[in-house]
Amino acid sequence: MARILSCIQPTGDVQLGNYFGAIRRWVEDQTPESFHGIVDLHALTVPRDPVEMRAKTLELAQILLASGLDPTSTTLFVQSHVHEHAELGWIMGCTAALGELERMTQFKDKSARQSGFISGGLLLYPALMAADILLYDADEVPVGDDQRQHIELTRDVAGRFNARYGDTFVVPKATIARAGARIMDLQNPTNKMSKSADSPQGTVLVLDDPKDIERKIKRAVTDTDNEVRYDPETKPGLANLLQILAVCTATTPDAVAGRYQQYGPLKADTAAALVEYLRPVQRRFAELESDPSYVRKVLSDGADKAQSVAAVTLARARKALGLLER
Ligand code: AQP
């Protein structure tokens, strides 16, 4: 059974891309070998409001459980509860080259978008992410397409460490879904949908009211030739809607495209399908919201389980590096 590790940041409201690219796959593929972290330390690459940080961390755990993660099988934990992440993160920062980190697309995009202060953490983020993955001897990392480059870096630093200090880490591979791996912003369909993008009308939130979901889908930017065809290059807005409907109806974008002649009915059906798709998650979320102590207990148990694995891997890395034991 493959060991699976994948994480998500409590950086805002969970959007449809997070759900399609990552969360739904965590749920579908979960086994006792699945580890999923809420990576709060990653969220600190930009200054955060502390009150919101706590609230968003708890809310994200509730969304993950409402989505169907089963804590009797999957290990769900908060990254900062397992100190081994920060420690191996430093070691990985010393294993990655500066040039490698500077080449990361996400670093270039996010640093270009930020005016003024850019934290050192934004550059080091992929080193901490490598640590997140390697601590759990993960074979597979189910992520959206935007994370492909970070997983490649993880593979490179794991290989480099193993070559320098002896076989220590499992070299993982990214697993990317065929549909839903890159959901685009509905208003700017050449940009990926993102929690932190300032595009409220282009971003569908998992907890959005059905009326808002309908409105956002119906106003999604498409093109003017009104020919229904799956072509992400020349028709990115339409391709995005076809992807969304394909995931909701468990088929492929091409198959969905074959059923429509006009954009209007396609948009109406996509909105309706998405509302139904998210309805059970929203219902379970409302139930869990009223019981925060249950969620806190899940996270506490999850941290214990995660740490029992992470500590063994970190000890192996420390030994390989020759760090003196106490
Ligand atoms: N648009 C997307 N389509 C498909 N998958 C996506 N993911 C993110 N956006 C899309 C996947 O969601 C998982 C968790 O992402 P994250 O929270 O770690 O950060 P991110 O990739 O940077 O996602 P966001 O929403 O854009 O967050 P912010 O705005 O905080 O940077 C990952 O597996 C990711 O691939």
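This structure is a prediction, so every number in the text was calculated from the model and none was measured.

1. Topic: the overall build of the protein
So, step 1. From N to C terminus, the protein includes twelve helices and five strands.
So, step 2. Along the three orthogonal principal directions, the C-alpha set of the protein runs to about 70 × 45 × 45 Å.
So, step 3. For the protein, the proportion of its 326 residues judged to be buried stands at 51%.
So, step 4. For the protein, contacts bridging at least 24 residues in sequence account for 76% of all contacts bridging at least 6.
So, step 5. Separation of charge centres in the protein, based on 38 positive and 43 negative side chains, amounts to 1 Å.

2. Comments concerning the pattern of salt bridges
Side-chain pairs of opposite charge can arise where the charged atoms are in close proximity.
So, step 1. Under the definition given, this model contains 19 salt bridges.
So, step 2. For D208, the salt bridge goes to K216, with nearest N and O atoms at 2.7 Å.
So, step 3. On the basis of relative accessible area, D208 is assigned to the buried category, the value being 8%.
So, step 4. Residue K216 is classed as buried on the basis of its relative accessible area of 6%.
So, step 5. Notably, a salt bridge pairs R229 with D231, separated by 3.1 Å at the nearest N-O pair.
So, step 6. Here the salt bridges do not stand alone but share partners, grouping D13, K56 and E59 into one network.

3. Focus on the site of the ligand
So, step 1. In the vicinity of the ligand, 24 residues are found, and the nearest of them are K110, D146, S194, K195 and S196.
So, step 2. In this structure, an oxygen atom belonging to the ligand sits 2.8 Å away from a main-chain N or O atom of G144.
So, step 3. A distance of 2.4 Å is found between an oxygen atom of the ligand and a side-chain nitrogen or oxygen belonging to S196.
So, step 4. Compared with its free state, where it exposes 630 Å², the ligand has 98% of that area covered by protein.

4. Notes on the nonpolar core
So, step 1. Judged by nonpolar contacts, the single largest core of 53 residues is most densely connected at F20, L64, I217, I244 and L274.
So, step 2. Those elements that provide at least two residues to this core are α1 (16-28), α2 (50-67), β3 (75-78), α8 (210-218), α9 (236-248), α10 (253-257), α11 (263-289) and α12 (292-321).
So, step 3. Among the elements that take part in this core, α11 stands out by supplying ten residues, more than any other.
So, step 4. Mapping this core onto the domain boundaries places at least three of its residues in each of domain 1 (4-181 + 292-321) and domain 2 (200-286).
So, step 5. When sequence neighbours within four positions are dropped, the list of residues in contact with F20 reads R25, G180, I183, I244, V247, C248, L274 and Y277.

5. Observations concerning the side chain of E59
So, step 1. Structurally, the position occupied by E59 is in helix α2.
So, step 2. Among the polar contacts listed, one links the side chain of E59 to the side chain of K56, at a separation of 3.3 Å.
So, step 3. Apart from residues no more than four positions distant in its own chain, E59 is found in contact with D13, L207 and F285.

6. Observations regarding the domain arrangement of the protein
So, step 1. For the protein, the assigned domains read domain 1 (4-181 + 292-321) and domain 2 (200-286).
So, step 2. Taking the mean C-alpha position of each, domain 1 and domain 2 sit 29 Å from one another.
So, step 3. Of the roughly 1300 Å² buried between domain 1 and domain 2, counting both surfaces, carbon and sulfur atoms make up 76%.
So, step 4. On the domain 1 side of the contact with domain 2, L16, F20 and A66 bury the most area, a combined 40% of that side's loss.
So, step 5. Put simply, domain 1 and domain 2 have zero salt bridges between them.
So, step 6. Between domain 1 and domain 2 we count four residue pairs in polar contact (both at pLDDT 80 or more) in total.
So, step 7. At the level of secondary structure, the elements contributing two or more residues to the side of domain 1 that touches domain 2 comprise α1 and α2.
So, step 8. For the side of domain 1 that touches domain 2, the leading source of residues is α2, giving five residues.
So, step 9. Of the residues assigned to the side of domain 1 that touches domain 2, the class counts are eight nonpolar, five polar and three charged.

7. Considerations on the packing of α1 against α9
So, step 1. For the pair α1 and α9, the least separation of the axes is 12 Å and the interaxial angle reads 45°. Our classification of the angle between α1 and α9 gives oblique. Judged by the sense of rotation from one axis to the other, the crossing of α1 with α9 is left-handed. Residue-level inspection shows L16, F20 and R24 of α1 in contact with α9, the latter providing I244, V247 and C248.
So, step 2. Within the contact of α1 with α9, the residues separate by chemical class into five nonpolar, no polar and one charged.

8. Looking at the packing of aromatic side chains
So, step 1. As enumerated under the stated definition, the model contains six aromatic pairs in all.
So, step 2. Ring geometry for Y19 and Y277: centres 6.0 Å apart, planes at 90°, overall edge-to-face. Pair noted here: Y19 is in helix α1 and Y277 is in helix α11, with a separation of 258 residues, a long-range link.
So, step 3. For Y277, a relative accessible area of 22% puts it in the partly exposed group.

9. Here we look at unusual backbone geometry
So, step 1. Positive phi, close to 55°, is recorded for N226, a residue that is not glycine.
So, step 2. One non-glycine residue, A250, lies in positive phi territory at about 50°.

Cut-offs and rules
- Residues numbered from 1 in each chain as written.
- Predicted model: local features only at pLDDT ≥ 70, side-chain atom pairs only at ≥ 80, totals over all residues.
- Heavy atoms only, no water.
- Helix = DSSP H or I, 4+ residues; strand = E, 2+ residues; numbered from the N terminus.
- Buried < 20%, exposed > 50% of the residue type's maximum accessible area, 1.4 Å probe, protein only.
- Contact = heavy atoms within 4.5 Å.
- Lys, Arg positive; Asp, Glu negative; His and termini not counted.
- Charge placed at Lys NZ, Arg CZ, Asp CG, Glu CD.
- Salt bridge = Lys/Arg side-chain N within 4 Å of Asp/Glu carboxyl O.
- Near = heavy atom within 4 Å.
- Polar contact = N/O pair within 3.5 Å; in protein donor to acceptor, adjacent residues only side chain to side chain.
- Areas by Shrake-Rupley, 256 points an atom, 1.4 Å probe, with all protein chains shown as cover.
- Core = buried A, V, L, I, M, F, W, Y, C linked by side-chain atoms within 4.5 Å.
- Domains from an automatic or database assignment.
- Buried area = accessible area lost by both parts, 1.4 Å probe.
- Nonpolar A, V, L, I, M, F, W, Y, C, P; charged D, E, K, R; others polar.
- Axes fitted to C-alpha atoms, helices over the stretch in contact; angles between N-to-C directions.
- Parallel < 35°, antiparallel > 145°, perpendicular 65-115°, else oblique.
- Left-handed = near helix turned anticlockwise from the far one by under 90°.
- Phe/Tyr/Trp six-rings, centres within 6.5 Å; stacked < 30°, edge-to-face > 60°.

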